[in-house]
Amino acid sequence: MIYVDADACPVKAEVERVATRHKLKAVFVSNGGLRPSQNPYIEHVVVDAGPDIADMWIAERAGAGDVVITSDIPLAAKCVETGARVLKHNGEALTAANIGNVLATRDLMYDLRAADPFRQGGGKAFSKSDRSRFLEALERELRAAKAV
């Protein structure tokens, strides 16, 4: 199964296409505002509004053999711990080998932003190469998840 942290996810259409091709269920979890798909392989779950409610819903269900799509690093860490395979939207795999460093970097960047409230800017824009890298990574992770 594929779980998607769907709020602000830029690769929902790609996940739907790949899930359909593999005849695999994908669950899009959000606080609302998503257009439901008529695709029988896609399920939309709307959770209550609030911090991390969607993340908790996914973390409670994802496990070995599942693929989780998220850019939320604490959610990714929880899912990696349960044996799920995790991908960021740009195709970067988050694994037991790298999640500690990714969490530490996230915390460091949070502290730097908090120390300089005038620091502006966000991440780089989502590109075609990010989308392509994501599709390749999703195919790879689904093959690996099926082997579990």
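Here, every reference points to the structure presented above.
Residues numbered from 1 in each chain as written. Predicted model: local features only at pLDDT ≥ 70, side-chain atom pairs only at ≥ 80, totals over all residues. Heavy atoms only, no water.

Engineer: So what about the environment of Ser30? Which residues, and what values?
Structural biologist: Among the structural elements, Ser30 can be located in strand β2 (residues 26-30). Once the C-alpha coordinates of Ser30 and Val46 are considered, the two residues, 16 residues apart in sequence, prove to be 5.2 Å apart. When near neighbours in sequence (up to four residues on either side) are disregarded, Ser30 contacts Ala6, Asp7, Val45, Val46 and Val47. Polar side-chain contacts of Ser30 include one of 3.1 Å to the backbone nitrogen of Gly32. (Helix = DSSP H or I, 4+ residues; strand = E, 2+ residues; numbered from the N terminus. Contact = heavy atoms within 4.5 Å. Polar contact = N/O pair within 3.5 Å; in protein donor to acceptor, adjacent residues only side chain to side chain.)

Engineer: Could you give me a rundown of the sheet that holds strand β1 (residues 2-5), with the residues and numbers involved?
Structural biologist: One open sheet accounts for six strands, arranged β3-β2-β1-β4-β5-β6; its pairing is mixed. This sheet does not close on itself; its edge strands, each paired only once, are β3 (42-46) and β6 (93-94). Against the sheet, helix α2 (residues 53-61) touches β1, β2, β3 and β4 (67-69), its axis set at about 165° to β1. Contacts from helix α5 (residues 128-146) reach β1, β4, β5 (85-87) and β6, with the element oriented near 175° to β5. (Pairing = 2+ DSSP bridges. Axes fitted to C-alpha atoms, helices over the stretch in contact; angles between N-to-C directions.)

Function cannot be inferred from these measures alone, as they are strictly geometric.
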